[in-house]
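Each chain is listed here by its residues.
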Amino acid sequence: MTQQGAVLQGYNNELVKCIEDLCMQKEELNKQIRQAEEEKNKLQHEIQVLNEQLECVCENLAQKVASRNELDKILAETEAAYMKILDSSRTLLNVLKKEVGSLKHTPELKTNVT
């Protein structure tokens, strides 16, 4: 029976060693899991910060685009009004030139001029 006891003791020692190895593997996995969770939490925080920054940039961009659109509208209206002024000035100048030209051909001016 001592031989069977020795064999049983050998099995027991092997079993204990396997259990210890499994416990060590479990501890290593727990360590890796903690590190991965820390990294995940860090990344989630960075994502949150970046999302907040993105939201601010988007709001600022929307305000600037709205301002630019308003300026485009004002510029278009101003340019249209300016073109009307130029057209009116050209028309006025043409009318004035005709009037001056017709005044030169009237007999009253001819006699006063000489």
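Residues numbered from 1 in each chain as written. Predicted model: local features only at pLDDT ≥ 70, side-chain atom pairs only at ≥ 80, totals over all residues. Heavy atoms only, no water.

Draft legend 1. A look at the pattern of salt bridges. A full pass over the atoms with the stated rule returns two salt bridges. Residue D21 pairs with K17 through a salt bridge whose shortest N-O separation is 3.6 Å. With D21 and K17 both in helix α1 (residues 2–104), this residue pair falls four residues apart, about one helical turn. Judged by relative accessible area, D21 falls into the partly exposed class, the value being 33%. (Salt bridge = Lys/Arg side-chain N within 4 Å of Asp/Glu carboxyl O. Helix = DSSP H or I, 4+ residues; strand = E, 2+ residues; numbered from the N terminus. Buried < 20%, exposed > 50% of the residue type's maximum accessible area, 1.4 Å probe, protein only.)

Draft legend 2. Examining a nonpolar patch on the surface more closely. On the surface, V7, L8 and Y11 cluster together to form a nonpolar patch covering roughly 330 Å² of accessible area. Judged by its relative accessible area of 55%, Y11 is exposed. (Patch = residues over 30% accessible without salt bridge, like charges linked within 9 Å, V, L, I, M, F, W, Y side chains within 5 Å. Areas by Shrake-Rupley, 256 points an atom, 1.4 Å probe, with all protein chains shown as cover.)

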